[in-house]
Amino acid sequence: MFMGLTALAGETAATTNNTDLAQLANMDISELMQLKVSILGPSQTISEAPAAISVVRQEDIKRSGAQNIPEALRLVPGMDVAQLDASQWAVSARGFNDVFANKLLVMQDGRSIYTPLFSGVFWDVQGTMMEDIDRIEVVRGPGATLWGANAVNGVINIITRSAADTQGLLVSGGGGNQERGFGGVRYGGVVNSNVFFRVYGTYENHDATVLADGSNANNSWQMARGGFRADWNPTDDNLLTFQGDGYAGWINQVFGTFNPLNPPTYTTSVQDDMTADGANALGRWTHTFSDTADFKLQGYYDYTGRDAAIFNEQRHTFDLNFQHEFALGDRNHVIWGLGYRLTSDTEVNNPTVSFNPASKTLNLFSAFAQDEIALVKDRLRLTLGSKFEHNDYTGLEVQPGARLSWTPTEHQTFWASISRAVRTPSRAEESITLMQSRQVAPNFFVPVTISGSGAFESEEEIAYEAGYRTEPFKRLSLDLAAFYNDYTDLRSLQQNPGNPTQFVLGNELRGDTYGVEASATWKVEDWWRVQPAYTLLHTDLRARPDGASPPDNTSVAYVEGSSPQNQFSIRSSMDLPHDVTFDLALRYVDKLPTYQVGSYFELNARLGWQITKNLEVALVGQNLLHDHHAEFGPSYINTQNGNKTEIPRSFYGTITWRF
Amino acid sequence: MNPNHQRHAERAPCLAGFARMQGPALFVFYLLLVLLAGRRTVQAQTGPPSEYQLKAAFLYNFGKFVEWPANAFTNDAAPLVIGLFGGDPFHGDLERLVANQNIRGHPVIVRQISSLSDSKGCHILFVNTPEPIQAAKITNALGNASILTVTENIDHFTESAFMISFVMKDDKVRFEINNEAARSSGLKISGKLLALALKPAK
């Protein structure tokens, strides 16, 4: 009886599959060109890239329910994403996580979006119409050879769709308990057959997170954003892209400000309503010589501003870069490029955070060259390259790398690499003064100063990596990466032997990290995909043996305990009948001793229904397993009186129309 | 109830529940199973096609836009043959898709090609992810036979003698056309298809 039923079910499926295929067969070719393939479909050939690379596609982002970029980055195996409060995230890979994490290079459509202020990202102001993101490419490990300084532990590249691929009107909106309300409108049109454009506007209103006792942390915020993109093909081999965005945000936050007249804590708590705004414009010319040769010339201007109780900055950045790639003979593929960046800031000093000088202009010159050599065609590839950068703090930095990839069969690739990368000094590390008060005994506080130093050097990394990707069966693919990173000249806090209340930033830490990142995609059924991932990280730091003065002992444990040793996640994606999709994502994150954050499990779920070709609704639940839970804590800047905030369980609904 | 089910029944309480079902409960359970089975098929119908299902539809469609020389068909009702060389990435979907279809009166059939000498009767030949050396061998072996050669993800497409190559772009299927190669083999590709193709780089 059971056998009979199974056979029956199987047969029905096959028959209907035939009608489905017949439907395809009867479609006009231009209709076929509009169809998208299921992302649950058979996986493509294994990537031969000699690096730990992952790509998060639009469909993955949509089905995860992510409403911002940090949430979308949780989809990448090996990434460490922790939400500190309503508007702040700590994002890193391979250790060293912090709200001011500084070892990632982050770009959006070729524009660098990490700030030279602290070499990290203000995640609250990053974003675009989520529906217009084509993909987010993430390279874990150093990508310095091509991309340059700061690409120490990873490169994140957010790539939006071309104007031609975002045609028509799209209106989306929704709301819930944490995401109180959000909406976006995008219109894409054609000027003539060679010129496509789009314009968009979005608005978000986020509720506050809570303190450990469940009370409101008073850090709700709003963000409004608008932008455009135009792509012009004057001839077949030339493409001109113009794009730009502008945004303004109003962010509530509780800051602890230094107040020498307020003993014993010397701190006054301020409920701040800060503003953050920015604007950018970018132009890019791509000229294609042949299918193996092209050049790109790109320039952009970027303005960012932030006005808070303890920090006020305006920054202008100009960037110009050129890249040329071509095949050299049969076996060599060469890419080289040149770049120049100017960044100029003006800081308004206050008693808590000040800069000396208050205004600074920095120049960055860079050049790179890389050759990909086919040692054995389509089987064994060697990539050699180096980046050369000149910055105003440490002068010339050379960052070479060698990568080897071996593809013995179509279904598997082995790769290994050695590279050197540096993290050049940030503006803050050179010239900041932070006034804080430290508790040394019950009810006894001491005001301390933490100062940057003109002698601060680049942090240096030598990275050894290896990986293996395979598709042992049609429905299963595996991706493994292992790394050993050796760091010297890491940032430390040096206590002044003559005055224990003074600390200066130094480079007296060194150490190593090693770890493994494993992920799999298993297509259980045509309609069901399961993706587990596991990340192991071990960080072992020590004071430099030849250090001139002993570093603040807390910093070794502090850095070691700020990234989880173990992370595990499993995602399930189902295409159900009647155009319903159902996605679940469970994640486990190990404890963070630095912030007294315990290990936790959390679960996100999304139920989507494509009602008609033009209309989709979805219900999303995030962080479903706890009323509220902590993921991270404040580091250099005192927010919430030094307390962690916790992320509440949340629900929201969305509706999306496309015309 | 066979012994296998007994064993499951001891282990898993919910299966034990099914095992104990009888009469109307059993009927409802079977009805549910059939309904679920039926529903899965609805999904197959309305969900997006897989990459190779879509490529199969393109492959069949290409036939409508190509004019073969008169001697390519023995008569007006002779089949139009699509050959698959280097395995079947379509997993039988191409056969199912072209079943009962015809192009200008020629019924379309699919044939697996294990040796290139067998490809002579083909009108369209799909070569599954060729290696460059193999690609050269294939195009040499075919010579100027009037066969529309199709492949995918190939490096140096314009320098190869393949006529059409699939490219995935934003989860959509796109294709490039090497019209010179087609013309030198006596094939005439319609302007409409040429216009829809991605422009191969010079």
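Residues numbered from 1 in each chain as written. Chains lettered and ligands numbered in written order. Predicted model: local features only at pLDDT ≥ 70, side-chain atom pairs only at ≥ 80, totals over all residues. Heavy atoms only, no water.

**Focus on the overall build of chain A**
For chain A, the helix and strand inventory stands at seven helices and 34 strands. Here the C-alpha atoms of chain A give a radius of gyration of 26 Å, agreeing with the 26 Å that 2.2 N^0.38 yields for 659 residues. C-alpha extents for chain A along the principal axes are approximately 85 × 60 × 55 Å. Sorting the 659 residues of chain A into buried and exposed places 54% on the buried side. Here the contacts in chain A between residues at least 6 apart in sequence split such that 61% fall between residues at least 24 apart. Of the roughly 26300 Å² of accessible surface on chain A, a fraction of 60% belongs to carbon and sulfur atoms. Distance from the positive charge centre (49 side chains) to the negative charge centre (75 side chains) of chain A: 2 Å. (Helix = DSSP H or I, 4+ residues; strand = E, 2+ residues; numbered from the N terminus. Rg over C-alpha atoms; globule rule 2.2 N^0.38 Å. Buried < 20%, exposed > 50% of the residue type's maximum accessible area, 1.4 Å probe, protein only. Contact = heavy atoms within 4.5 Å. Areas by Shrake-Rupley, 256 points an atom, 1.4 Å probe, with all protein chains shown as cover. Lys, Arg positive; Asp, Glu negative; His and termini not counted. Charge placed at Lys NZ, Arg CZ, Asp CG, Glu CD.)

**Considering helix H4 (residues 51-62) of chain B**
Residue and element names in this part refer to chain B. Taking 1.5 Å of rise per residue, the 12 residues of H4 would be expected to cover 16 Å, and the 17 Å separating its terminal C-alpha atoms lies within 8% of that figure. Of all 12 residues that make up H4, 12 are buried, and the element is covered over most of its length. Burial in H4 covers these residues: Glu51, Tyr52, Gln53, Leu54, Lys55, Ala56, Ala57, Phe58, Leu59, Tyr60, Asn61 and Phe62. (Expected span 1.5 Å × (residues − 1).)

**As for the sheet that holds strand E3 (residues 102-103) of chain B**
All names here are of chain B. What the seven strands build is an open sheet, ordered E3-E4-E2-E5-E6-E7-E8; its pairing is mixed. The open sheet has two edge strands, E3 and strand E8 (172-177), and neither has a second partner. Looking at chain direction, strand E2 (residues 80-85) and strand E5 (residues 124-127) are connected through four bridges and run parallel. By the bridge assignment, Gly83 is partnered in E5 with Leu125. The strands touched by H4 within the sheet are E2, E3, strand E4 (106-113), E5, strand E6 (148-152), strand E7 (164-169) and E8, with E7 carrying the most contacts at an inclination of about 145°. (Pairing = 2+ DSSP bridges. Axes fitted to C-alpha atoms, helices over the stretch in contact; angles between N-to-C directions.)

**Description of the sheet that holds strand E7 (residues 154-160) of chain A**
In a beta sheet, neighbouring strands pair by backbone hydrogen bonds and run either parallel or antiparallel. Residue and element names in this part refer to chain A. Pairing in this open sheet of five strands is mixed, and the strands run E1-E6-E7-E4-E5 from one edge to the other. Where the open sheet ends on each side, the last strands, each with one partner, are strand E1 (52-57) and strand E5 (111-112). The pairing of E1 with strand E6 (residues 133-140) spans six bridges and is antiparallel. Bridge pairing links Ile53 to Val139 in E6.

**Overview of the confidence of the model for chain A**
Per-residue confidence for chain A gives a mean pLDDT of 89, with 94% of residues at or over 70. The low-confidence segment residues 41-45 of chain A, where pLDDT is below 50, has 12 contacts with residues more than four positions distant or belonging to other chains. (pLDDT = per-residue confidence, 0-100.)

**Some remarks on unusual backbone geometry**
Residue and element names in this part refer to chain A. Going from Pro263 to Pro264, the amide bond is cis rather than trans, its omega being 5°. By secondary structure assignment, the location of Pro264 is in the loop between strand E12 (238-258) and strand E13 (267-290). Here Asn356 and Pro357 are connected by a cis peptide whose omega angle stands at 5°. Its place among the elements puts Pro357 in the loop between strand E17 (353-355) and strand E18 (359-376). Here Ser119, not a glycine, exhibits a phi torsion of approximately 65°, which is positive. When you line up the elements, Ser119 lands in the loop between E5 and E6.

**Considerations on the pairing of strand E28 (residues 566-576) of chain A**
All names here are of chain A. Bridge count between strand E27 (residues 528-543) and E28: nine bridges; the pairing is antiparallel. Directly across from Arg529, in E28, lies its bridge partner Ser573. Taken together, the 10 bridges between E28 and strand E29 (residues 580-589) define a ladder with antiparallel strand orientation. Paired with Ser572 across the two strands is Leu584, which belongs to E29. Between the end of E28 and the start of E29, which pair antiparallel, lie three residues, with His578 showing a positive phi angle near 60°.

**Some points on the nonpolar core**
Among the nonpolar cores identified, the biggest contains 68 residues, and Leu73, Met79, Trp123, Ile136 and Ile156 of chain A are the most heavily contacted of them. Dropping the residues within four chain positions of it, Trp123 of chain A is found in contact with Ile69, Pro70, Leu73, Trp89, Val91, Val106 and Ile156 of chain A. Of all hydrophobic cores here, the second largest spans 48 residues; its members include Leu21 of chain A together with Ile103, Leu148 and Leu187 of chain B. (Core = buried A, V, L, I, M, F, W, Y, C linked by side-chain atoms within 4.5 Å.)

**Here we look at the pattern of salt bridges**
Residue and element names in this part refer to chain A. In this structure the tally under the stated criterion is 40 salt bridges over all chains. Close ionic contact of Arg315 with Asp345 constitutes a salt bridge, the shortest N to O distance being 3.0 Å. Here Arg315, found in strand E15 (residues 311-328), pairs with Asp345, found in strand E16 (residues 332-347); they are 30 residues apart in sequence, far enough to count as distant. Comparing Arg315 with Asp345 shows no difference in burial state: the two are buried. (Salt bridge = Lys/Arg side-chain N within 4 Å of Asp/Glu carboxyl O.)

**Quick notes on the confidence of the model for chain B**
Residue and element names in this part refer to chain B. For chain B, per-residue confidence averages 76 on the pLDDT scale, and residues scoring 70 or more make up 72% of the total. Contacts of residues 1-19 to residues separated by more than four positions or lying in other chains number seven contacts, the stretch itself having pLDDT below 50. Scored below 50 in pLDDT, residues 37-46 makes 20 contacts in the model with residues more than four places away or belonging to other chains. Note on the complex model: pTM 0.77, ipTM 0.72.

**Examining the packing of aromatic side chains**
Two measures describe an aromatic ring pair: the distance that separates the ring centres and the angle between the ring planes. Residue and element names in this part refer to chain B. Evaluation of the coordinates by the stated rule reveals 28 aromatic pairs over all chains. Geometrically, the ring pair formed by Phe62 and Phe166 is stacked, given 5.7 Å between the ring centres and 25° between the ring planes. With a gap of 104 residues between them, Phe62 in helix H4 and Phe166 in strand E7 connect regions that are remote in the sequence. Residue classification places Phe62 among the buried positions, given a relative accessible area of 0%. (Phe/Tyr/Trp six-rings, centres within 6.5 Å; stacked < 30°, edge-to-face > 60°.)

**Topic: the environment of Val155 of chain A**
All names here are of chain A. Its location among the elements puts Val155 in strand E7. C-alpha of Val155 to C-alpha of Arg94: the two residues are 61 residues apart in sequence and 12 Å apart in space. The residues touching Val155, leaving out its near neighbours within four places in the chain, are Leu105, Met107, Glu137, Val138, Val139, Gly143 and Trp147.

**Some thoughts on the environment of Ile156 of chain A**
Examined against the element boundaries, Ile156 of chain A turns out to sit in strand E7. When residues no more than four places from it in sequence are discounted, the contact partners of Ile156 of chain A are Leu73, Met79, Leu104, Leu105, Val106, Met107, Trp123, Ile136, Glu137 and Val138 of chain A.

**Some points on the environment of Gln222 of chain A**
All names here are of chain A. Relative to the elements of secondary structure, Gln222 occurs in strand E11 (residues 221-235). What makes Gln222 partly exposed here is its relative accessible area of 31%. Considered as a pair, Gln222 and Ser87 are 135 residues apart in the sequence and their alpha carbons are 9.5 Å apart. Sequence-distant contacts of Gln222, defined by excluding residues within four places in its chain, comprise Tyr203, Glu204, Asn205, Ala248, Gly249 and Trp250.

**Some remarks on a nonpolar patch on the surface**
Residues and elements named next belong to chain A. A contiguous nonpolar surface patch, about 840 Å² in accessible area, is contributed by Leu169, Val185, Tyr187, Val199, Phe228, Trp232, Phe242, Trp657 and Phe659. Contributing elements (two or more residues each) for the nonpolar patch: strand E9 (179-192) and E11. With respect to the helices, strands and loops of the structure, Trp657 is situated in strand E34 (residues 650-658). (Patch = residues over 30% accessible without salt bridge, like charges linked within 9 Å, V, L, I, M, F, W, Y side chains within 5 Å.)

**Description of the pairing of E34 of chain A**
Residue and element names in this part refer to chain A. The sheet contact formed by strand E8 (residues 168-176) and E34 spans seven bridges and is antiparallel. Looking at E34, one finds that Gly173 is bridged to Ile655. Judged from the eight bridges that link them, strand E31 (residues 615-622) and E34 form a sheet pairing that is antiparallel. The residue bridging Gly621 from the neighbouring strand is Phe651, located in E34.

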